[in-house]
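# Structural overview
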Amino acid sequence: MTDAQSAHLAATASTAYQSALEVIAAVEPRIAEATRKELADQRSSLKLIASENYASPATLLTMGTWLSDKYAEGTVGHRFYAACQNVDTVESLAAEHARELFGAPYAYVQPHSGIDANLVAFWSILAHRVEMPALEKYGVKGVNDLSEADWESLRAEFGGQRLLGMALDAGGHLTHGFRPNISGKMFHQQQYGTDPVTGLLDYDVVAAKAREFKPLVLVAGYSAYPRRVNFAKMREIADEVGATLMVDMAHFAGLVAGKVFTGDENPVPFAHITTTTTHKSLRGPRGGMVLAQEEFAADVDRGCPMVLGGPLSHVMAAKAVALAEARQPSFQTYAQNIADNAKSLAEGFLTRDATLVTGGTDNHIVLLDVASYGLTGRQAESALLDAGVVTNRNSVPNDPNGAWYTTGVRLGTPALTTRGFGHDEFDKVAEMIVDVLSNTTPGTNKAGAPSKATYNLADGVAEKVKSQSAEMLDKHPLYPGLEL
Ligand code: PLP
């Protein structure tokens, strides 16, 4: 696209948003105001939350239409509602873009979020893999043909299935078998961690656990592991023990789409089922998606109404737009920049003597261990927020402060890379974060006892860091040309 075309589209989007906010303000001005303020806040802060991004105006605008008004339970050409011809077009296009982009035999674009995509995957695996002898005694062909009475007795048998996933404090997600999540209740679960010295995944340990536990589902993928995973090895482990390999690429889908993760690091050819969100590094609308090998397609297709409500047609439309964007060559440059910038950020910390889990990164995540500053993750997160740096606290392996206070701060590069930040800016970001944390001390509670939540940030530091980030943010405006 030429500069003139970009400027024209930005001006058109400005008019669209100004008009939309005027229409909204006529009904509920406080919502229009909060929406404007959110843009101002995002424009003026350093967004380093690894799971967030800035979707394009085209993607965002696609969500604000009457496609939202349509019910379309079922699948393309097989709906439980009438007059779904346009939703069929939308869903088919989104699925086609997903299949082409990821080289997947089958794509299901209905899940409303990443958690929903994982639920669809778990259900499909159970439906597909429940042993036939167990079903034969009910006189049915598959799990979807069971009567209410069959269900009653089968629930106990489903309870006997096993899932092996990455531990939460090693970087896994709560949907990978963590007890408080349904995944930890549907399945007997065990977890694999990371090496206590290197912080890296040890495939021999995963294989040994799998051999002993014999899971039905082996889950790979993560929310806070700053390294790449060898999915060919994970598939070998799954095959050896007869498990279904499910990869949750919610965090790094953009790096797969942008061909930064190729060969053994691309999960799609190796996993039986791959799930993802669409709003993180993939830079689409908030939502989820399931990619599957042909063998699982029919079971995944039953996601709605088995575990999902009616599809969000306006969001599926926005998925189609974002996936079309991700198929452009410029997305590959973006994805490579995400990974290069994460390296710059990590090097920026290491040269300033900070401690990083695994000693660095080779994806989009940097996990900073803040124990060396004498802080908890919660104190560090709050002090950074005072200085306009938006991060989130995160457990480190075997975290002494637990999952609420934590000892880590997770940082990610997808959002600021979208704004155009490069090597020098990320080095400066590391300097600013170290400045804040070195000038923060733990506080006390009302009774004067040490607290894991309160903190004292030295005078003047927040203001200094805010003005340094304002200088960088001004050079890389969010939604350039969008006048709001
Ligand atoms: N899977 C992984 C690996 C995630 O990191 C997340 C979100 O943080 C999810 C699933 C859930 O996504 P959502 O919040 O869209 O349900």
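Preceding this section is the structure that the text describes.
Residues numbered from 1 in each chain as written. Predicted model: local features only at pLDDT ≥ 70, side-chain atom pairs only at ≥ 80, totals over all residues. Heavy atoms only, no water.

## What about the overall build of the protein chain?
On a plain count of helices and strands, the protein chain comes out with 20 helices and 17 strands. Its C-alpha atoms give the protein chain a radius of gyration of 23 Å, near enough to 23 Å, the size a compact globule of 484 residues would have. Long-range contacts, defined as pairs at least 24 residues apart, comprise 72% of the intrachain contacts of the protein chain with a sequence gap of at least 6. Of the side-chain charges in the protein chain, 41 are positive and 55 negative, and the distance between the mean point of each set is 3 Å. (Helix = DSSP H or I, 4+ residues; strand = E, 2+ residues; numbered from the N terminus. Rg over C-alpha atoms; globule rule 2.2 N^0.38 Å. Contact = heavy atoms within 4.5 Å. Lys, Arg positive; Asp, Glu negative; His and termini not counted. Charge placed at Lys NZ, Arg CZ, Asp CG, Glu CD.)

## Things to note about the packing of helix α4 (residues 85-102) against helix α14 (residues 313-326)
Orientation of α4 relative to α14, taken along the N-to-C sense of each, is 35°, at an axis distance of 8 Å. The chirality of how α4 crosses α14 is left-handed. Mapping the contact onto sequence places Val 87, Val 90, Glu 91, Leu 93, Ala 94, His 97, Ala 98, Leu 101 and Phe 102 in α4 and Ser 313, Met 316, Ala 317, Ala 320, Leu 323, Ala 324 and Ala 326 in α14. (Axes fitted to C-alpha atoms, helices over the stretch in contact; angles between N-to-C directions. Left-handed = near helix turned anticlockwise from the far one by under 90°.)

## Quick word on the side chain of Thr 62
When you line up the elements, Thr 62 lands in helix α3 (residues 57-63). Setting aside its immediate chain neighbours within four residues, Thr 62 contacts His 314, Ala 317, Ala 318 and Val 321.

## Observations concerning the site of the ligand
Taken together, Ser 113, Gly 114, Ile 115, His 173, Tyr 222, Ser 223, Asp 248, Ala 250, His 251, Thr 277, His 279 and Lys 280 form the complete shell of residues around the ligand. Lys 280 places a polar side-chain atom, nitrogen or oxygen, 2.8 Å from an oxygen atom of the ligand. Out of a free accessible area of 400 Å², the ligand has 83% covered by protein chains. Along the lines of polarity and charge, the residues of the shell around the ligand split into 3 nonpolar, 7 polar and 2 charged. (Near = heavy atom within 4 Å. Polar contact = N/O pair within 3.5 Å; in protein donor to acceptor, adjacent residues only side chain to side chain. Areas by Shrake-Rupley, 256 points an atom, 1.4 Å probe, with all protein chains shown as cover. Nonpolar A, V, L, I, M, F, W, Y, C, P; charged D, E, K, R; others polar.)

## A few points about the sheet that holds strand β12 (residues 365-369)
Ordered in space as β11-β12-β15-β14, the 4 strands form an open sheet in which the pairing is antiparallel. Looking at strand neighbours, the two that pair on one side only are β11 (355-356) and β14 (392-394), the edges of this open sheet. Bridge count for β14 against strand β15 (residues 408-412) is 3 bridges, and the pairing is antiparallel. If you follow Arg 393 over to β15, its bridge partner there is Val 409. Helix α15 (residues 329-350) rests against β11, β12 and β15 of the sheet, and its axis sits at about 20° to β12. Helix-sheet contacts for helix α16 (residues 377-386) involve β14 and β15, and the interaxial angle to β15 is about 45°. (Pairing = 2+ DSSP bridges.)

## Here's the deal with the packing of aromatic side chains
Scanning the entire structure with this criterion turns up 8 aromatic pairs. Geometrically, the ring pair formed by Phe 231 and Phe 252 is stacked, given 5.9 Å between the ring centres and 20° between the ring planes. Taken together, the residues span a long stretch of sequence, with Phe 231 in helix α10 (residues 231-241) and Phe 252 in the loop between β8 (244-248) and α11 (253-257) at a distance of 21 residues. Judged by relative accessible area, Phe 231 falls into the buried class, the value being 1%. Classification of Phe 252 as buried rests on a relative accessible area of 0%. (Phe/Tyr/Trp six-rings, centres within 6.5 Å; stacked < 30°, edge-to-face > 60°. Buried < 20%, exposed > 50% of the residue type's maximum accessible area, 1.4 Å probe, protein only.)

## A few points about the sheet that holds strand β6 (residues 188-192)
In sheet architecture, strand pairing relies on hydrogen bonds along the backbone and comes in two forms, parallel and antiparallel. With respect to topology, 7 strands assemble into an open sheet ordered β4-β10-β9-β8-β7-β5-β6, the strand pairing being mixed. Only two strands of the sheet have a single neighbouring strand rather than two, namely β4 (106-108) and β6. Neighbour to neighbour, the strand axes of the sheet diverge by 20° on average, direction disregarded. Summarising the sheet, strand β7 (residues 217-221) and β8 pair through 5 bridges and their orientation is parallel. When the sheet's bridge partners are listed, Gly 221 is paired in β8 with Asp 248. Its contacts with the sheet put helix α5 (residues 114-129) on β4, β5 (162-166), β7, β8, β9 (273-277) and β10 (288-292), and the angle it makes with β9 is roughly 165°.

## Thoughts on the nonpolar core
Core analysis: the biggest nonpolar cluster contains 62 residues, and Phe 102, Tyr 192, Leu 218, Met 234, Phe 252 and Leu 282 have the highest contact counts within it. Of all the elements, α4 adds the most residues to this core, at 7 residues. Beyond its immediate sequence surroundings of up to four residues, Leu 218 is in contact with Leu 164, Tyr 192, Val 206, Met 234, Ile 237, Ala 238, Ala 243, Thr 244, Leu 245 and Met 246. If you look at the next biggest cluster of nonpolar residues, it comprises 34 residues, including Val 370, Met 432, Val 465 and Leu 473. (Core = buried A, V, L, I, M, F, W, Y, C linked by side-chain atoms within 4.5 Å.)

## Concerning α16
With respect to burial, α16 is a largely interior element, 7 of its 10 residues being buried. Listed in full, the buried residues belonging to α16 are Gly 377, Gln 379, Ala 380, Glu 381, Ser 382, Ala 383 and Leu 384. Looking one or two places after α16, you find Gly 388, whose phi comes out positive at around 80°.

## Observations regarding the pairing of strand β16 (residues 440-444)
Relative to strand β17 (residues 450-457), β16 runs antiparallel, the two being bridged by 4 bridges. Among the inter-strand pairings, Thr 440 is bridged to a residue of β17, identified as Leu 457. Linking β16 back to β17 in an antiparallel pair, the connection comprises 5 residues, with Gly 448 at a positive phi of about 90°.

## Focus on the pattern of salt bridges
Scanning all chains against the criterion turns up 16 salt bridges. For Asp 88, the salt bridge identified is with Arg 79, shortest N-O distance 2.8 Å. Take Asp 88 and Arg 79: they sit in the same class, and that class is buried. Across the pair Glu 240 and Arg 211 runs a salt bridge, and its minimum N-O distance is 2.6 Å. In this pair, Glu 240 sits in helix α10 while Arg 211 sits in helix α9 (residues 203-213), placing the two residues 29 residues apart along the sequence. By relative accessible area, Arg 211 is classed as partly exposed at 42%. (Salt bridge = Lys/Arg side-chain N within 4 Å of Asp/Glu carboxyl O.)

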